[in-house]
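One-letter residues, chain by chain:
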Protein chains: 2
Amino acid sequence: MTSTAVRLRAVADDDLVSADVQHLGISGHLERLKDYAVRLRFHRGDTIAAAGDAAAHIYAVSAGCLRLTHHGNDGRRHIADFLFGGDLWGLGDADNFALSAEAVSPTTITAYPRQQFDRLGEGNNRLRSEIFAHLSASIQRAHRHLYLLSCLSARERVATFLTRMMQKSQLVYGARLDLPMGRQDIADHLGLTVETVCRALAALKAESVIEVPNAHLVVVRDGSALSAVAGEPSLS
Amino acid sequence: MTSTAVRLRAVADDDLVSADVQHLGISGHLERLKDYAVRLRFHRGDTIAAAGDAAAHIYAVSAGCLRLTHHGNDGRRHIADFLFGGDLWGLGDADNFALSAEAVSPTTITAYPRQQFDRLGEGNNRLRSEIFAHLSASIQRAHRHLYLLSCLSARERVATFLTRMMQKSQLVYGARLDLPMGRQDIADHLGLTVETVCRALAALKAESVIEVPNAHLVVVRDGSALSAVAGEPSLS
DNA sequence: CGGACGCTTGATAAAGTTCAAAGAGAGTGG
DNA sequence: CCACTCTCTTTGAACTTTATCAAGCGTCCG
């Protein structure tokens with residue numbers, strides 16, 4: 001207990017060590033808590049934490065893919081977002097998690113105690129502003145997705161999804177895009193049915209915009225055509 | 001300039017005056033900046049600030065109703081949220097506004113300089129945690145709306161909209177719910193067309209769940225039936 | 001290798017959109 | 001103060017998109 005307090009005081013005086021840390025963002029700060037960190041492994045389909053659970057930890061995805069889901073009373077499901085290596089979860093959940101996190105593929109996660117993290121932030125302006133930026137970015141992502149769900153057609157949604165996955169995931173090699181999630185996950189993310197997602201992909205394939213060697217791999221053959229369908233001429 | 005610095009230092013030492021302020025949340029803290037505040041009036045349809053504008057101010061709605069809109073490249077529009085008296089806008093927009101804010105009805109707004117506000121926050125833990133809570137709440141609101149757009153039918157969306165407006169706006173007197181926004185606004189908020197919104201309202205009216213004396217007034221005749229349609233048996 | 005699960009495609013049905021036109025309300029100018 | 005007009009709302013009918021239902025296929029895992 002004493003050693004914890006000492007450690008935190010030492011860690012919290014900011015701006016001395018931050019030069020080597022700032023470009024890493026929040027992850028860099030979390031690095032300072034590595035002695036408290038717990039490394040976890042999950043299999044496909046495992047639940048990391050469910051909506052309503054006490055948010056005792058901040059999670060950093062090391063490798064793999066997570067889905068953040070919201071379950072309705074009657075079984076309907078929405079996937080708010082997918083997380084990949086480097087992404088964080090739980091920053092905005094002060095008390096209880098608002099969403100459930102489930103492993104889409106075998107996933108390695110590092111859990112940092114929230115209490116320690118919060119204390120770290122108390123003495124660290126840079127960290128706090130990075131947390132603020134992270135939350136702002138989450139809001140903006142959510143708003144972009146609101147627009148997608150509110151205004152775009154099935155075809156546009158699927159195309160937009162592909163472009164966003166290319167921007168976001170590190171699973172792009174050239175034009176090869178790895179999609180660890182299943183069609184049902186994509187459908188629940190885009191507010192469509194599995195069948196409609198399949199048909200939209202099939203249509204893009206028929207137009208030679210993409211190739212689909214297998215269900216978890218898309219090769220983008222005509223990126224600008226894809227962007228055009230997505231309605232995002234320049235990445236915003 | 002000097003007086004500004006002095007004032008801010010005096011104001012920033014927190015926890016002395018905060019007892020009478022905490023229950024008011026962020027608005028209470030903004031009150032301390034009243035000497036820098038500007039009061040603005042807008043007519044129906046006026047733009048308070050457009051997406052992309054420099055976010056130089058935090059806005060507090062005093063009276064009236066705003067819509068926060070996202071405009072696509074091709075004219076499609078989504079309304080992310082409606083704001084009423086007591087609501088704030090701009091807290092999450094560090095640099096430029098992500099959305100446009102437009103007056104739905106004649107509206108009075110107080111603008112506080114962001115720079116002063118940020119400085120206020122630097123020395124005030126309570127304010128910062130309230131800002132954090134505000135951003136978290138924004139994210140949760142957005143996620144609930146994502147679920148609405150992704151999973152609910154037109155009928156359910158309209159019912160949910162009505163229940164949320166009853167919870168949110170102060171424009172509820174008994175079962176009378178004032179809807180300052182037009183049908184097109186509601187449609188753009190719910191990802192539907194005007195006609196579909198009208199038909200859903202007409203259906204609820206035909207089932208005696210609501211009455212619609214005029215386009216901007218809904219009387220909820222059977223609140224539990226409305227909640228049932230909304231799929232929110234208990235308010236979550 | 002077998003079986004189960006997820007993916008894909010087809011046919012049909014339903015929900016919502018689009019197009020069209022009439023009706024109601026609010027604000028304006030005579 | 002009334003009539004007019006413009007805009008918004010409402011309802012109807014046809015059409016489009018997407019969901020639903022159903023069946024076959026492929027693949028991955030055990």
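Everything that follows concerns the structure shown earlier in this document.
Residues numbered from 1 in each chain as written. Chains lettered and ligands numbered in written order. Predicted model: local features only at pLDDT ≥ 70, side-chain atom pairs only at ≥ 80, totals over all residues. Heavy atoms only, no water.

Asker: Please clarify how the protein's contact with DNA strand C should be interpreted in this entry.
Answerer: Around DNA strand C, a shell composed of 16 residues is seen, among which Arg183 and Arg199 of chain A together with Ala154, Thr196 and Arg199 of chain B lie nearest. Among atoms of DNA strand C positioned within 4 Å of the protein, sugar and phosphate together represent 64%. Within the side chain of Thr196 of chain B, an N or O atom sits 2.3 Å from a phosphate oxygen of DNA strand C. Arg199 of chain B has a polar side-chain atom sitting 2.9 Å from a base oxygen of DNA strand C. Looking at the surface near DNA strand C, the elements with two or more residues in it are helix H6 (183-190) and helix H7 (194-206) of chain A together with helix H7 (194-206) of chain B. Considering every element that reaches the surface near DNA strand C, the biggest residue donor is H7 of chain A, with four residues. A breakdown of the residues in the surface near DNA strand C according to their chemical character gives five nonpolar, six polar and five charged. (Near = heavy atom within 4 Å. Polar contact = N/O pair within 3.5 Å; in protein donor to acceptor, adjacent residues only side chain to side chain. Helix = DSSP H or I, 4+ residues; strand = E, 2+ residues; numbered from the N terminus. Nonpolar A, V, L, I, M, F, W, Y, C, P; charged D, E, K, R; others polar.)

Asker: Explain the relation of the copies chain B and chain A here, please?
Answerer: Note: a rotation about an axis with an accompanying shift along it relates these two copies of the chain. Expressed as a screw operation, the relation of chain B to chain A combines 0.0 Å of axial shift with a rotation of 180°, fitting to an RMSD of 0.0 Å. Such values leave the two copies arranged in the relation of a two-fold axis. Of the interface residues in chain B, 100% have counterparts in chain A that sit at the interface too, so the contact is made through matching surfaces. (Least-squares fit on C-alpha atoms with pLDDT ≥ 70 in both. Contact = heavy atoms within 4.5 Å.)

Asker: Teacher, can you tell me more about the interface of chain B and chain A here?
Answerer: Interface size is commonly expressed as the accessible surface area that is lost when the partners come together. Each partner contributes residues to the interface: chain B has 35 residues there, and chain A has 35 residues. Buried surface at the junction of chain B and chain A, both sides included, amounts to about 2,900 Å², of which 66% is carbon and sulfur. Across the chain B-chain A interface, the total number found is two salt bridges. The partner of Arg76 of chain A in a salt bridge is Glu156 of chain B, and the shortest N-O contact between them spans 3.0 Å. At the boundary of chain B and chain A, one finds ten residue pairs in polar contact (both at pLDDT 80 or more). Among the elements of the structure, strand S5 (77-84) and helix H4 (125-151) of chain B are those that each provide at least two residues to the side of chain B that touches chain A. With 16 residues, the single largest contributor to the side of chain B that touches chain A is H4 of chain B. Looking at the side of chain B that touches chain A residue by residue, the classes come out as 16 nonpolar, 13 polar and six charged. (Buried area = accessible area lost by both parts, 1.4 Å probe. Salt bridge = Lys/Arg side-chain N within 4 Å of Asp/Glu carboxyl O.)

Asker: How should I be thinking about the pattern of salt bridges in this particular structure?
Answerer: Proximity of charged atoms lets side chains of opposite charge pair with each other. All names here are of chain A. Enumeration over the complete set of coordinates arrives at 26 salt bridges over all chains. The shortest N-O distance in the salt bridge between Arg77 and Asp185 comes to 2.8 Å. A residue pair is termed long-range when its members are at least 10 positions apart, and Arg77 in strand S5 (residues 77-84) and Asp185 in helix H6 qualify at 108 residues. By relative accessible area, Arg77 is classed as buried at 17%. You can call Asp185 buried: its relative accessible area is 8%. Here the salt bridges share partners, and the residues they tie into one network are Arg67, Arg77, Glu102, Asp185 and Asp188. (Buried < 20%, exposed > 50% of the residue type's maximum accessible area, 1.4 Å probe, protein only.)

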